[in-house]
Amino acid sequence: MTRHIKLGMLTACLPGWSLARIAHWAADAGYEALEVAVWPDTGGREFEAAHLPVADFSPAQVDQTLELFAKHDLELSALAYYENNLHPEPARREEIHTHLRHAIHAAAALKVPYVGTFIGRDSSRSVPDNMREAERVLPPLVEYAGERGVRIIIENCVMEGWHPDGYPGNIAYSPELWEWMFDLGLYLNWDPSHLVWLGIDPVETILPYADHIVHAQAKDIEIDPRARNRFGSFGTVHKDGDPWRTGWWRYRVPGRGQVDWNRVVDRLYEAGFAGTLSVEHEDPLWGGIDERVLSGLRIAHRTLRPLFIAD
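An account of the accompanying structure is given in this report. (Residues numbered from 1 in each chain as written. Predicted model: local features only at pLDDT ≥ 70, side-chain atom pairs only at ≥ 80, totals over all residues. Heavy atoms only, no water.)

Notes on the sheet that holds strand 7 (residues 213-218)
Argument step 1. Judged by pairing direction, the barrel is parallel, and its eight strands sit side by side in the order 1-2-3-4-5-6-7-10 before closing back on the first. Neighbour-to-neighbour, the strand axes of the sheet open up by a mean angle of 30°, direction not taken into account.
Argument step 2. When strand 1 (residues 6-10) meets strand 2 (residues 33-37), the two strands line up parallel, connected through three bridges. Its bridge partner being in strand 2, M9 is matched across the sheet by L34. (Pairing = 2+ DSSP bridges. Helix = DSSP H or I, 4+ residues; strand = E, 2+ residues; numbered from the N terminus. Axes fitted to C-alpha atoms, helices over the stretch in contact; angles between N-to-C directions.)

In structure tokens form, the structure reads like this:
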């Protein structure tokens with residue numbers, strides 16, 4: 001029997017909209033699930049949103065949220081709070097961990113199985129040193145989540161903008177590191193776009209790690225090989241005030257980049273994946289004003305939905 005994959009979207013691309021407005025639009029557009037952004041506020045960087053007040057989430061708000069999703073026949077696939085859980089400043093790290101626990105508590109109340117975040121990195125220390133620190137600080141968070149029936153899922157975003165020289169700022173960027181983090185009780189929110197610019201074939205990473213890919217994100221990437229020949233993999237040194245500028249690649253909505261979505265979806269089915277493939281819209285060409293963001297989400301839906309097996 002073929003298992004059903006749901007097509008969802010991450011709400012962070014619409015930070016100025018209410019969750020009720022997003023749910024109404026998404027259901028009308030044909031999406032089946034929402035990965036809901038739950039930052040405490042916005043403004044730290046692009047693509048953050050505060051769509052549920054998880055730090056002060058009352059029973060009445062739980063009921064209202066469940067009623068909203070039932071009304072629109074949507075699934076709440078995960079809560080999203082992607083921050084640096086190895087932040088070098090102790091006070092800021094504790095703030096992040098506290099809010100992550102709030103998100104876990106809200107997920108449990110909503111019967112949502114996953115909360116997404118990053119491992120992160122202290123950029124002043126080596127990757128092995130950060131691994132040892134993660135082994136110290138992350139297990140209590142994993143245990144806190146497990147006691148409440150929630151799994152912590154880690155996106156494999158490189159977060160190169162968190163490092164002054166464009167090196168990885170999130171130590172979950174490669175399959176080698178995934179194997180390590182799985183031993184800590186963490187799971188993967190798999191995103192192919194980051195693998196492409198690292199030179200890793202994303203399709204080849206699905207079957208070996210199928211047991212730990214419990215949620216996936218659909219983000220595409222456009223690569224300029226000529227620019228890469230000049231800047232190298234770590235990108236231009238001239239950031240022009242934008243730490244995320246590489247000069248040779250940019251994120252795109254599915255269907256406008258170089259990810260082979262036909263192969264991706266086919267391999268997810270082969271792996272027995274039965275979770276949500278959630279569109280993460282960070283495409284600068286289809287960003288800015290709300291109408292362009294919505295157009296980007298429609299492009300993603302038109303690209304991906306025909307690849308799914310109908311009920």
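Regarding unusual backbone geometry
Residues other than glycine predominantly adopt negative phi, and peptide bonds predominantly adopt the trans conformation.
Argument step 1. The phi torsion at D73 lies on the positive side, around 55°, for a residue other than glycine.
Argument step 2. Residue position: D73 is located in the loop between helix 2 (59-71) and strand 3 (75-84).
Argument step 3. Under the relative-accessibility criterion, D73 is labelled exposed at 69%.
Argument step 4. Even without a glycine there, the phi angle at M159 is positive, about 55°.
Argument step 5. Secondary-structure assignment places M159 in the loop between strand 5 (151-155) and helix 5 (175-182).
Argument step 6. Under the relative-accessibility criterion, M159 is labelled buried at 4%. (Buried < 20%, exposed > 50% of the residue type's maximum accessible area, 1.4 Å probe, protein only.)

A word on the packing of aromatic side chains
Two measures describe an aromatic ring pair: the distance that separates the ring centres and the angle between the ring planes.
Argument step 1. The tally for this structure, following the rule as stated, stands at eleven aromatic pairs.
Argument step 2. Arranged with centres 5.4 Å apart and planes meeting at 85°, the rings of W178 and Y209 form a pair that is edge-to-face. Highlighted residues: W178 in helix 5 and Y209 in the loop between helix 6 (192-197) and strand 7, separated in sequence by 31 residues. There is no split in this pair, since W178 and Y209 are both buried.
Argument step 3. Among the aromatic residues, those joined into a cluster by ring pairs are W39, Y81, Y82, F118 and W162.
Argument step 4. In this arrangement the basic side chain of K219 is found over the ring face of Y251, its NZ or CZ atom lying 4.7 Å from the centre. (Phe/Tyr/Trp six-rings, centres within 6.5 Å; stacked < 30°, edge-to-face > 60°. Lys NZ or Arg CZ within 6 Å of the ring centre and 35° of its normal.)

Points about the nonpolar core
Argument step 1. Among the nonpolar cores identified, the biggest contains 100 residues, and M9, L34, L79, I119, M181 and L297 are the most heavily contacted of them.
Argument step 2. Among the elements that take part in this core, helix 4 (residues 127-147) stands out by supplying eight residues, more than any other. (Core = buried A, V, L, I, M, F, W, Y, C linked by side-chain atoms within 4.5 Å.)

Describing helix 4
Argument step 1. Between its first and last C-alpha atoms helix 4 spans 29 Å; for 21 residues at 1.5 Å apiece the expected length is 30 Å, and the two agree.
Argument step 2. L138 marks where helix 4 bends most, by close to 35°; the proline P139 follows one to four residues later.
Argument step 3. Buried residues of helix 4: V127, N130, M131, E133, A134, V137, L138, L141, V142 and A145, and no others.
Argument step 4. One or two positions beyond helix 4, positive phi appears at G149, with a value near 75°. (Expected span 1.5 Å × (residues − 1). Bend = angle between axes of the 7 residues up to and from the residue.)

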